[in-house]
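# Reading the structure
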Amino acid sequence: MNKIVPIDAQSGSNSMDAYDIERVREDFPILKQHIYGKSLVFLDSGASAQKPQVVIDAVHECYETYYSNVHRGAHFLSQKCTDVYEQVRGQIATFINAQSENNVIFTSSVTESINLVAQTWGRKFLKKGDEIIVSEVEHHANIVPWQLLQDEIGFDIKVAKIDDQGEFLLDTFKALLSPKTKLVAITDCSNVLGTILPVKEITRLAHEVGAKVLVDGTQGIVHIWVDVQDLDCDFYGFTGHKIYGPTGVGILYGKMDVLKSMPPYQGGGDMIDKVSFSGTTFQEPPYRFEAGTPPIAQVIGLGAAIKYVSDLGMENISAHEQGLLAYANELLSAIEGVQIIGQAKDKAAIISFLIEGTHPFDVAAVLDRQGVATRVGHHCAEPLMDRLGIVGTVRASFGLYNNKDDVDRLVAAIGRAKELLL
Amino acid sequence: MNSITPQYEDYADALEMIDDEDMRFEYIIDMGKKVKDEDFPEALRIDPNLMHGCMSRVWLCDEVRDGKHYFSGFSDAIIVKGLVAMMAGSFSGLTTDELQELTTGHVRRLNLGALTTQRQVGMMAMLETFKKFGLAGGGTIAQLRSGSA
């Protein structure tokens, strides 16, 4: 399953009424903050999302009442901490519909998840003359790890294209596929344009030529319901802090046969079966890829975040965000001089924009003074900026806690930016 | 160095008198708007004068006359343009030795709390560049970077 729930752009009402946004907002203490004397409008969740009280409490409770190292301690606290920690692995597996909890590897971030695949699977299976495919909308984290490996191995990196609206061009992608293609490393949602990529179809096509597929789910997992078995991807990575969990924890899902074929990533404690100076053997996945003390409290916090999101329901969250997106799109489109960058048909609740005659940094600075937090710049997607012929954008990225008032405040702040800057 | 330059004192006094952060922010925007394209001609907006590491593009030049450094600069963003104008105006007309006496405290006295941390870091980087120009006896940003100034 990889879908967004459409909503009537005009009314935006049914699902938004069913979704009690004001109650949801109560769960996020930071939203009560005032910035420069103005109530906070947080539209930078695409960079890092705010945390509900249950996540803050879970991390706090862990450190306060049962924290200990996991897996090997011969005492009560270690056993309890291990139990809670390992339950999260199962929770994640259920959340993304992985075959089992053993398909779920804890990493420090999605960046590490991708680097793990590059340095283990990539180093073992990619050869000179092979090809891998990325897309024009990738974050640097899904470009640079492959370039670093390319420098050593000498495979080719092909780039799948988008059109001027930010729509993924499936036909041009198909044309890039060949028996030489060994990997397609692609995001399911552009962090700049919000474009939802057809990763299920991309995966099917890639598998037809025998290529593996890695999906960078950093943005997608936050906005759309992900089912890795339905997608049939070989790897799926995402990060904890964008899905309302703590920083310092990421996930790599992998199909078991693929994971078993991969050598360890980092060496250290916990990932070994037996160590001796005559030779060392390693654990089975997922532990083979988890060297050293893991981010224990962060994993437990992520578990609380996944439960929170699951309780709200991804379909409800998606419908709510789609309503906001439609509302914001309608209002921003009506402002003279505002250009929305990225108008794909399937979009997550991310709006990049420019105001004619202004620099995006100036606009974001004025928005900030109005209490509206956005992100500005190339968003770690410089190749996409080059493709679009721009230096950067102002990006408003919505989360499950944003409401129509936030959109209205954004619109008012844009008006103020125009007054001050033009 | 008790007094830096008359222009520095003017800016510091003006910003001190504005007790509202939003107004101070708008003052900087106004400063940026006052900088006209012809104040820093296109011919100077070239790579050798471009500062690296800035979120917007910033060009800086140093002209040395009678042993004193006169700075000018430009940016494609209005706020940064205003800051560059204030920094260049504040610290122009100083000798190499006087430039070396400048500290981050001198920049802080300009009372630019309305700016984000990133921009304040940019201001400090600009100050360091002025001091480097002083030590190098002029030149371009590119020459400072390569050590050939």
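Since we're looking at a predicted model, the values are computed, not measured.

### With respect to the overall build of chain B
- Counting its regular elements, chain B contains seven helices and three strands.
- Helices and strands in chain B line up, N terminus first, as α-α-β-β-α-β-α-α-α-α.
- Rg of the C-alpha trace for chain B: 14 Å, near the compact-globule value of 15 Å for 149 residues, within the 12% margin.
- Its C-alpha atoms put chain B at 45 × 35 × 25 Å along the principal axes.
- Burial statistics for chain B: of 149 residues in total, 46% are counted as buried.
- Restricting to contacts in chain B with at least 6 residues of sequence separation, those with at least 24 account for 60%.
- About 7,200 Å² of surface is accessible on chain B, with carbon and sulfur atoms providing 50% of the total.
- For chain B, the distance from the average position of its 15 positive side-chain charges to the average position of its 23 negative side-chain charges is 4 Å.

### Things to note about the interface of chain B and chain A
- With 16 residues of chain B in contact, the opposing surface of chain A contributes 13 residues.
- Of the roughly 1,300 Å² buried between chain B and chain A, counting both surfaces, carbon and sulfur atoms make up 54%.
- The tally of links between chain B and chain A comes to four salt bridges.
- The partner of Asp 22 of chain B in a salt bridge is Arg 369 of chain A, and the shortest N-O contact between them spans 3.0 Å.
- Where chain B packs against chain A, one counts six residue pairs in polar contact (both at pLDDT 80 or more).

### With respect to the pattern of salt bridges
- Counted by the stated rule, this structure contains 31 salt bridges over all chains.
- Ionic pairing is found between Arg 288 of chain A and Glu 284 of chain A, a salt bridge with its closest N-O pair at 3.8 Å.
- The buried category is assigned to Arg 288 of chain A, whose relative accessible area is 10%.
- Note on Glu 284 of chain A: relative accessible area 42%, which makes it partly exposed.
- With a closest N to O distance of 3.3 Å, Arg 57 of chain B and Asp 76 of chain B form a salt bridge. Of this pair, Arg 57 of chain B sits in the loop between helix H2 (21–34) and strand E1 (58–65) while Asp 76 of chain B is found in the loop between strand E2 (68–75) and helix H3 (78–91), placing the two residues 19 residues apart along the sequence.
- A residue is classified by how much of its surface remains accessible, and Asp 76 of chain B, at 27% relative accessible area, is partly exposed.
- Salt bridges here are not isolated pairs; linked through shared partners, they connect Lys 38 and Arg 369 of chain A together with Glu 21, Asp 22 and Arg 24 of chain B.

### Re the state of the cysteines
Residues and elements named next belong to chain A.
- On inspection of all chains with the given rule, the structure shows zero disulfides over all chains.
- This cysteine, Cys 81, is not joined by any disulfide, and Cys 62 carries the nearest cysteine sulfur, 4.5 Å off.
- Cysteine Cys 380 remains unbridged, with the sulfur of Cys 189 as its closest cysteine sulfur at 15 Å.

### As for the sheet that holds strand E3 (residues 94–95) of chain B
Residues and elements named next belong to chain B.
- If you walk across this open sheet you meet the three strands as E1-E2-E3, and the pairing is antiparallel. Bordering the open sheet on either side are E1 and E3, each of which pairs with just one other strand.
- Bridge count between E1 and E2: eight bridges; the pairing is antiparallel. When the bridges of E2 are listed, Val 64 appears paired with His 69.
- In this fold H3 packs onto E1, E2 and E3, with an angle of close to 175° to the strand it touches most, E2.
- Helix H6 (residues 117–136) contacts E1 and E2 of the sheet and is inclined by roughly 30° relative to E1.

### Concerning the sheet that holds strand E12 (residues 250–254) of chain A
All names here are of chain A.
- Pairing in this open sheet of seven strands is mixed, and the strands run E5-E12-E11-E9-E8-E6-E7 from one edge to the other. Bordering the open sheet on either side are strand E5 (104–107) and strand E7 (156–160), each of which pairs with just one other strand. Sheet twist, expressed as the mean angle between neighbouring strand axes with direction ignored, is 20°.
- Lying over the sheet, helix H8 (residues 199–208) contacts strand E8 (181–187) and strand E9 (212–216), oriented at roughly 175° with respect to E8.

### Re the nonpolar core
- Counting residues in hydrophobic clusters, the biggest one holds 82 residues, and the most contacted among them are Tyr 236, Ile 243, Tyr 244 and Leu 400 of chain A.
- Among the elements that line this core, the one with the most residues is helix H12 (residues 296–312) of chain A, at 11 residues.
- When sequence neighbours within four positions are dropped, the list of residues in contact with Leu 400 of chain A reads Tyr 19, Ile 21, Val 24, Phe 28, Tyr 244, Tyr 308, Val 309, Leu 312, Ile 317, His 320 and Glu 321 of chain A.
- Membership of the second largest hydrophobic core comes to 66 residues, among which are Tyr 8, Leu 60, Leu 115 and Met 123 of chain B.

### Concerning the confidence of the model for chain B
- Chain-level pLDDT for chain B is 89 on average; 95% of the residues reach the 70-or-more range.
- Prediction confidence for the complex, expressed as pTM and ipTM, is 0.93 and 0.90 respectively.

### Thoughts on the packing of helix H13 (residues 314–333) of chain A against helix H16 (residues 404–421) of chain A
All names here are of chain A.
- Closest axis-to-axis distance for the H13/H16 pair is 10 Å, and the angle between their directions is 20°. Taken together, the axes of H13 and H16 lie roughly parallel to each other. Judged by the sense of rotation from one axis to the other, the crossing of H13 with H16 is right-handed. Every residue of H16 that contacts H13 at Leu 324, Tyr 327, Ala 328, Leu 331 and Leu 332 is listed here: Lys 404, Val 407, Asp 408, Leu 410, Val 411 and Ile 414.
- Counted by class, the contact of H13 with H16 contains nine nonpolar, no polar and two charged residues.

### Regarding the pairing of E9 of chain A
Residue and element names in this part refer to chain A.
- By the criterion of burial, E9 is predominantly enclosed, with four of the five residues buried.
- Direction of pairing for E8 relative to E9: parallel, over a ladder of five bridges. Within E9, the residue paired with Leu 183 across the bridge is Lys 212.
- Once you follow E8 into H8 and on to E9, the crossover reads as right-handed.
- Of the strand pairs in this sheet, E9 and strand E11 (residues 235–239) are connected by three bridges, and their pairing is parallel. Paired with Leu 214 across the strands is Phe 235, a residue of E11.

### What about the pairing of strand E19 (residues 393–397) of chain A?
Residue and element names in this part refer to chain A.
- In terms of burial, E19 is a largely internal element, five of the five residues being buried.
- Every second residue of E19 is oriented toward a common face, with Thr 393, Arg 395 and Ser 397 on one face and Val 394 and Ala 396 on the other, all of them buried.
- Sheet topology places strand E16 (residues 350–355) next to E19; four bridges connect them, and they run antiparallel. Paired with Ser 352 across the bridge in E19 is Arg 395.

### Considering helix H14 (residues 360–369) of chain A
All names here are of chain A.
- The element H14 is largely enclosed, with a buried count of 10 among its 10 residues.
- For H14, the set of buried residues is Pro 360, Phe 361, Asp 362, Val 363, Ala 364, Ala 365, Val 366, Leu 367, Asp 368 and Arg 369.
- Looking one or two residues beyond H14, the residue adopting positive phi is Gly 371, at roughly 85°.

The rules behind these values
- Residues numbered from 1 in each chain as written.
- Chains lettered and ligands numbered in written order.
- Predicted model: local features only at pLDDT ≥ 70, side-chain atom pairs only at ≥ 80, totals over all residues.
- Heavy atoms only, no water.
- Helix = DSSP H or I, 4+ residues; strand = E, 2+ residues; numbered from the N terminus.
- Rg over C-alpha atoms; globule rule 2.2 N^0.38 Å.
- Buried < 20%, exposed > 50% of the residue type's maximum accessible area, 1.4 Å probe, protein only.
- Contact = heavy atoms within 4.5 Å.
- Areas by Shrake-Rupley, 256 points an atom, 1.4 Å probe, with all protein chains shown as cover.
- Lys, Arg positive; Asp, Glu negative; His and termini not counted.
- Charge placed at Lys NZ, Arg CZ, Asp CG, Glu CD.
- Buried area = accessible area lost by both parts, 1.4 Å probe.
- Salt bridge = Lys/Arg side-chain N within 4 Å of Asp/Glu carboxyl O.
- Polar contact = N/O pair within 3.5 Å; in protein donor to acceptor, adjacent residues only side chain to side chain.
- Disulfide = S-S within 2.5 Å.
- Pairing = 2+ DSSP bridges.
- Axes fitted to C-alpha atoms, helices over the stretch in contact; angles between N-to-C directions.
- Core = buried A, V, L, I, M, F, W, Y, C linked by side-chain atoms within 4.5 Å.
- pLDDT = per-residue confidence, 0-100.
- Parallel < 35°, antiparallel > 145°, perpendicular 65-115°, else oblique.
- Left-handed = near helix turned anticlockwise from the far one by under 90°.
- Nonpolar A, V, L, I, M, F, W, Y, C, P; charged D, E, K, R; others polar.
- Right-handed = clockwise from strand over helix to strand, strands pointing away.

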